[in-house]
Amino acid sequence: MNRTKTIYYIVLAVSILATMFMNFMAFQVPTALWALDGLLVVGGFVGYIYSQNLGVYVIKRFGEAILVLFVIATLTFLLLRVLPGGPFDQEKALPPEVKANIEAKYKLNEPLYMQYYYYVSGLAQGDLGESYKYLGRPVTEIVMETLPTSLQLGFYALVVAFIIGIPAGVFAAARHNTWMDNTTMIFAISGVSLPSFLVAAVFVLLFSFGLDLLPAAQWRGPEYYLMPVVILGIRPAAYIARLTRSSVLEVIGSDYIRTAKSKGLSERTVLFKHVLKNSLIPVLTFSGPLVAGVLSGSFIIEQIFAVPGMGKHLIQSVTNRDYPLIMAMTLLFSAMLVVANLIVDLLYSFFDPRIRLS
Amino acid sequence: MLYRLSTALVAVALVASCTKKKELEYGLNPAETLTVNLNTEPPTLDWSKATDTTSSHVMNNIMEGLVAYDVTTPDLQLRPALATAWEPSEKASVWTFTLRENVTWTDGQPFTAQHVVDGWERLLNPATASAYSYFLYDIKNAKDYNQGKLKDFSKVGVSINDKGQVVVTLDKSKSYFPYLLTHASTYPVRKDVIETHGDRWTEPENIVTLGPFQLKIWEHDKSLVLTRNDNYYGTKPKIKNVLAYMITEKSTAINLFDSKVIDAQDDLPTTELKFLRERPEYKSKNLLGTYYYGMNVKKAPMDNVLVRKAVSHAIDRQQITDLLAGGQIPATSFVPPGMFGYEKGLGIQPDIKKANELLDQAGYKDRSKFPKLILGFNTNEDHQRVAENIQAQLKTNLGIQVELQNQEWKVYLKTVRTDAPHMYRMGWIADYPDPDNFLSLMTSYSENNYTNWGNEEFDTLVESGRSVLDKEKRREIYRRAQQILTQVEAPVVPIYNYVSFYLVSERVKNYPVNQMQRRVYSNVEIKK
């Protein structure tokens, strides 16, 4: 049993790493590989849920999630109608008869409850409508064309955040109150407090114009990915480092760690086997909203590096009062948040078997 | 761990920099490709529906109308495009357009008069819901058709005569009518293509066009590629491709310009103009547009013409244009320079002494009795700078208090349209280079007039200006109309005339720079 588990983990890790690497290096990743990855992850997760007897819990949570999304959709719908200024208000005022034609086309002339009815029935059929700004383009198409880039950027940034953040936190905690701890934390605090547009400007100046190593913007291959990914990853990395550090320090002080130490286990074993796993709980809690936030695209980073992602639609759809696109963005972001939080909840019992979900 | 990771990253960076791509995306050859920035994704390339400048920018390269402006003439005279000749009837109420022969669309189909009629039918059809359908309201019965009151398009004043000419009957005589046909919304369309592909007809694999370039690739939100149209009837473009990116952030675009990724950048960050102006690649051109402040004449004390005039006299426009530092032109007249009907010296000139006299006369000798004015603008760094300057000038020059009120753009539009503050910022850029496009804004019945000001004589003058063919008579009419608007009644304070600024790489020759910001790349050459 234990052996099959190990083999599964190795296959999972190798296949995902290979896909990630190929994707990062701008190879044409074969669909089969994506499919295999997806299958392994989903299959593994289903297996995990099953083995922990969480099936009913997950179904219940999904039911709740749909209800939450419905409430969000309704609230957003209403809030948008309260917001002053309509989608077709522009600098050059339109004659009333022209405005009437446009409103009739998008059914904006009908009573609010009818508009709501059309919206909900469309939603039930998976039709989110056409953009009011990008005429004739279904908003689902806009999402499908821009989301993958944001996911790509966000995913690498998360990888950077976790592989820098967690070790740095553990390292600082293990060297508690030494100059190494202090230096790490100075970096972490700067990472949290420096605005990303400033970091980006400095990086561009240094790596693009000073050293001429990396392109200043755009999203065309690995050398283009580096700067935006690292800059987007810095802030969460710094958060995670601080969180890990304090959590590790707290766990180190607990009784069972003292027991482990008094058993004569080496410091390394204690740290990695007993401390780390338990101290990741707060990091896990933080990861839910983090993952949803980073994956849905960063407006600032995408703007500065001209990354053709979804971040700008998140902001500009509101400026444009592009109702269908705003609704799509809100729903997508909420769904990502709900799913990420669900996964986090499910993972709790993996990190700490004392936590039981029911 | 950290060490290894950083070495790995540096290694990737080094490998990457060694393999830095010299060729352009999509395998385009840099020697025959102009790379530009559109600033945003074009909302649509459907010319019957587009209303924004980015879409026009692309559409004007791939499509043409019956007539076009000759950008080389100072007041933008018309030149033949798809029409070779146009004749007004004696009273300019019927116009006859002779179409160019042997013109073919990019799919090889011949261009016919029916395509022109189809384009106008589509623009006016209520189902199209085009925002610019009112452009053709001058045509007989067009408005009724657009409102759905009239179902039969053959009753609208457009027809094809037996010589194959397009005959347009207007509701009244309109001397500027051909100018409307320079606008993309009036371009001909291919109904068969639109019917086959629906909303997707503007995608590169479906679209058919008549202009010097054709749409080859369109990766939404990222870039598009135009290539030379070998079927084009006129002089074929000298470059083979235009690669257009959609980079929203201006400073990023400038970085890419400096990295030689793009050859030209049209929209520059105004706060950096001071430095950018010093660069050899910098170019600028005045635009046919006016930045102005309107005054709500229903709100005391702006109901008093003496107060309005005093405010106008008290603002030194030169100070504002110096502040903006982009070569903007101080304005006192509503019609911008470079357009027919502009006259130097029209309007209220800055004169602090006069301003104070007028305010005294208005009954505000004691300035503390003067109510605080609300000055509204939409949230934007430049508008803020202008508003703050006006606030300071009015305080120093007249001793009156002004409160600034900024709002998000769409909220602001709602405010000025429902209950404009004492003074509000607005701007207008010409749709077509005729003074009617400016002065008709301020008629009492215009949807764009938020001042609540209306003047019968002004309305009559604007109305008569439309029908007069004689240029000198027309000039006289617009002079009088402008005097009423900016001198006698003064519901608006023109501040400055817009300027467009560009950075253009030195490898590009004949980059199109003109006062209508028409960027058609037919004459562009790339230096070897």
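Residues numbered from 1 in each chain as written. Chains lettered and ligands numbered in written order. Predicted model: local features only at pLDDT ≥ 70, side-chain atom pairs only at ≥ 80, totals over all residues. Heavy atoms only, no water.

## Focus: the overall build of chain B
We count it as follows: Strands here are runs of E lasting at least two residues and helices are runs of H or I lasting at least four, both read from the DSSP assignment and numbered beginning at the N terminus. What the globule rule says is 2.2 Å times the number of residues to the power 0.38, and the radius of gyration is computed from C-alpha atoms. Buried, partly exposed and exposed residues are distinguished by accessible area as a fraction of the type maximum, computed with a 1.4 Å probe on protein chains only: under 20%, between the cut-offs, and over 50%, respectively.
The helix and strand tally for chain B stands at 16 helices and 19 strands. A globule of 528 residues ought to have a C-alpha radius of gyration of about 24 Å, and chain B, at 26 Å, matches this closely. Dimensions of chain B along its principal axes, counting C-alpha atoms only, are 80 × 75 × 35 Å. Taken over 528 residues, chain B has a buried fraction of 58%.

## A closer look at the nonpolar core
Operational definition: Note on terminology: a nonpolar core comprises buried Ala, Val, Leu, Ile, Met, Phe, Trp, Tyr and Cys residues joined through side-chain atoms within 4.5 Å. Should any heavy atoms of two residues lie within 4.5 Å, those residues are counted as being in contact.
Grouped together as the largest cluster of nonpolar side chains are 136 residues, with contacts concentrated most on F97(B), W120(B), I139(B) and F177(B). For this core, the leading source of residues is helix α14 (residues 323-351) of chain A, giving seven residues. When neighbours within four sequence positions are excluded, F97(B) is seen to be in contact with L66(B), A83(B), A85(B), W86(B), Q165(B), V166(B), V168(B), F177(B) and L181(B). If you look at the next biggest cluster of nonpolar residues, it comprises 49 residues, including F24(A), I231(A), V270(A) and I281(A).

## Points about empty space enclosed by the protein
Let me state the cut-off plainly: The way it works is a 1 Å grid over only the protein atoms, where trapped points that fit a 1.4 Å probe form a cavity and open points with protein on both sides within 12 Å along at least five of seven lines form a pocket, and then any residue with an atom within 4 Å of a point lines it. Grid points are joined across faces, edges and corners, and a volume is the space filled by probe spheres set on the points. Gly falls in the polar group here, along with every residue not listed as nonpolar (Ala, Val, Leu, Ile, Met, Phe, Trp, Tyr, Cys, Pro) or charged (Asp, Glu, Lys, Arg).
This structure, assessed with the given rule, holds four cavities of 30 Å³ or more. The calculated volume of the largest cavity comes to roughly 160 Å³. Lining the largest cavity are 17 residues, with A306(A), V307(A), P308(A), D221(B) and M246(B) sitting closest to its centre. The class makeup of the residues in the lining of the largest cavity is seven nonpolar, four polar and six charged. Approximately 140 Å³ is the volume attributed to the second largest cavity. In terms of lining residues, the second largest cavity is bounded by 15 residues, among which L135(A), G136(A), R137(A), D199(B) and T202(B) are the most central. Along the lines of polarity and charge, the residues of the lining of the second largest cavity split into four nonpolar, four polar and seven charged.

## Some details on the sheet that holds strand β7 (residues 166-169) of chain B
Residue and element names in this part refer to chain B. Defined as follows: Here, strands pair whenever DSSP counts at least two bridges between them. Note on definitions: angles span 0 to 180 degrees between N-to-C directions of axes, and those axes are lines fitted to C-alpha atoms, for helices only across the stretch in contact.
On the basis of which strands lie adjacent, the open sheet formed by four strands has the order β4-β5-β7-β6 and antiparallel pairing. The open sheet terminates on both sides in strands that have one partner only, identified here as β4 (83-88) and β6 (158-160). Between one strand axis and the next, the sheet turns by 20° as a mean value, whatever way the strands run. Where β6 lies against β7, three bridges are found, and the strand directions are antiparallel. When the bridges of β7 are listed, I160 appears paired with V166. Contacts from helix α3 (residues 113-124) reach β5 (94-99), β6 and β7 within the one sheet, and its direction differs from that of β6 by about 165°.

## Digging into unusual backbone geometry
The residue after A300(B), namely P301(B), is reached through a cis peptide bond having omega 5°. Relative to the helices and strands, P301(B) is located in the loop between β12 (282-295) and α9 (305-314). Even without being a glycine, K107(A) presents a positive backbone phi close to 60°. Although it is not a glycine, A92(B) adopts a positive phi angle of roughly 60°. In this structure, A92(B) sits in the loop between β4 and β5.

## Examining the environment of Y26(B)
All names here are of chain B. This is how it is decided: Under the rule applied, a polar contact is a pair of N or O atoms within 3.5 Å (in protein, one hydrogen donor and one hydrogen acceptor; residues adjacent in sequence only if both atoms are side-chain atoms).
Topologically, Y26 is positioned in the loop between α1 (2-18) and β1 (33-37). Accessibility expressed as a relative area gives 31% for Y26, which makes it partly exposed. For the pair Y26 and N229, spaced 203 residues apart in sequence, the C-alpha to C-alpha distance is 18 Å. Setting aside anything within four residues of it in sequence, one finds Y26 in contact with I217, E219, K222, S223, V225 and L243. Reaching out from Y26, the side chain makes a polar contact with the side chain of E219 at a distance of 2.5 Å. Of the polar contacts made by the side chain of Y26, one reaches the side chain of S223; its length is 2.6 Å.

## Quick look at the pairing of strand β8 (residues 213-219) of chain B
Residue and element names in this part refer to chain B. Relative to strand β9 (residues 223-228), β8 is paired through six bridges, and the arrangement is antiparallel. If you follow E219 over to β9, its bridge partner there is S223. Linking β8 back to β9 in an antiparallel pair, the connection comprises three residues, with D221 at a positive phi of about 65°.

## Description of the packing of α9(B) against helix α12 (residues 381-398) of chain B
What describes two packed helices is the angle between their axes and the distance between those same axes. All names here are of chain B. Applicable threshold: The cut-offs work like this: below 35 degrees is roughly parallel, past 145 is roughly antiparallel, 65 to 115 is roughly perpendicular, and the gaps in between are oblique.
One way to put it is that α9 packs onto α12 with a least axis distance of 9 Å and a crossing angle of 105°. Here α9 lies roughly perpendicular to α12, going by the angle between them. Contacts between α9 and α12 pair A310, V311 and A314 from the former with Q393, L394, N397 and L398 from the latter. Class assignment of the residues belonging to the contact of α9 with α12 gives a composition of five nonpolar, two polar and no charged.

## Examining the interface of chain B and chain A
Spelled out, the test is: Buried area is a sum: the accessible area each of two parts loses on coming together, probed at 1.4 Å, counted once for each and added. Every case where a carboxyl oxygen of Asp or Glu lies within 4 Å of a side-chain nitrogen of Lys or Arg is listed as a salt bridge.
Taken residue by residue, the interface counts 63 residues in chain B and 52 residues in chain A. Roughly 5,000 Å² of surface becomes buried between chain B and chain A when both sides are summed, with 56% attributable to carbon and sulfur atoms. Contact with chain A buries area across many residues of chain B, yet P43(B), D221(B) and K410(B) alone supply 13% of it, more than any other trio. Our count for the contact surface shared by chain B and chain A stands at seven salt bridges. Close ionic contact of R137(A) with E41(B) constitutes a salt bridge, the shortest N to O distance being 3.1 Å. In this structure, the connection of chain B to chain A is made through 18 residue pairs in polar contact (both at pLDDT 80 or more). Looking at the side of chain B that touches chain A, the elements with two or more residues in it are α1, α4 (142-147), α7 (250-258), α13 (409-419) and β16 (423-429) of chain B. For the side of chain B that touches chain A, the element with the highest residue contribution is α1(B), accounting for eight residues.

## Details of the confidence of the model for chain B
Residue and element names in this part refer to chain B. Filter applied, for reference: Every residue is assigned a pLDDT by the predictor, reflecting its confidence on a scale from 0 to 100.
Confidence along chain B averages 92 in pLDDT terms, with 96% of residues attaining 70 or more. Contacts of residues 17-21 to residues separated by more than four positions or lying in other chains number five contacts, the stretch itself having pLDDT below 50. Taken over the whole predicted complex, pTM reads 0.90, whereas the ipTM for its chain interfaces reads 0.89.

## As for the packing of helix α10 (residues 255-262) of chain A against helix α11 (residues 267-295) of chain A
Residue and element names in this part refer to chain A. Closest axis-to-axis distance for the α10/α11 pair is 11 Å, and the angle between their directions is 170°. Comparing their axes, α11 and α10 come out roughly antiparallel. Facing Y256, I257, A260 and K261 of α10, the residues of α11 in contact are V270, H274, V275 and N278. By residue class, the composition of the contact of α10 with α11 is five nonpolar, two polar and one charged.

## Comments concerning the environment of G165(A)
In this fold, G165(A) is placed in helix α6 (residues 139-174). The sequence separation of G165(A) and T244(A) amounts to 79 residues, and the corresponding C-alpha distance is 7.8 Å.

## A few points about the packing of aromatic side chains
Short version of the rule: A pair of aromatic rings is counted whenever rings of Phe, Tyr or Trp (Trp by its six-membered ring) have centres within 6.5 Å, and the orientation is called stacked for planes under 30 degrees apart, edge-to-face for over 60 and tilted otherwise. Two thresholds decide whether a charge sits over a ring: the Lys NZ or Arg CZ must be within 6 Å of the ring centre and within 35 degrees of the ring normal.
Summed over all chains, the structure comprises 37 aromatic pairs over all chains. Between Y132(B) and F135(B), the aromatic rings sit 5.0 Å apart at their centres with planes inclined by 50°, giving tilted as the arrangement. Neither residue differs from the other here; Y132(B) and F135(B) are each classed as buried. Seen from the ring of F77(A), R81(A) lies directly overhead, with NZ or CZ sitting 4.1 Å from the centre. Directly above the aromatic system of Y118(A) lies the positively charged group of K107(A), at a separation of 4.7 Å from the ring centroid.

## Focus: helix α13 (residues 311-319) of chain A
Residues of α13(A) that are buried include every one of G311(A), K312(A), H313(A), Q316(A) and S317(A), and no others. Against the buried residues of α13(A) lie α6, α12 (299-304) and α14 of chain A.

## Quick word on the pattern of salt bridges
In total, this model carries 44 salt bridges over all chains according to the counting rule given. Linking E408(B) and R321(A) is a salt bridge whose minimum nitrogen-to-oxygen distance equals 2.7 Å. Here R321(A) lies in the loop between α13 and α14 and E408(B) lies in the loop between β15 (402-407) and α13, a pairing that spans two chains. Of the residues examined, E408(B) reaches a relative accessible area of 29% and is grouped as partly exposed. Connected through salt bridges with shared partners, the residues R137(A), E141(A), E145(A), E41(B) and R200(B) form a single ionic network.

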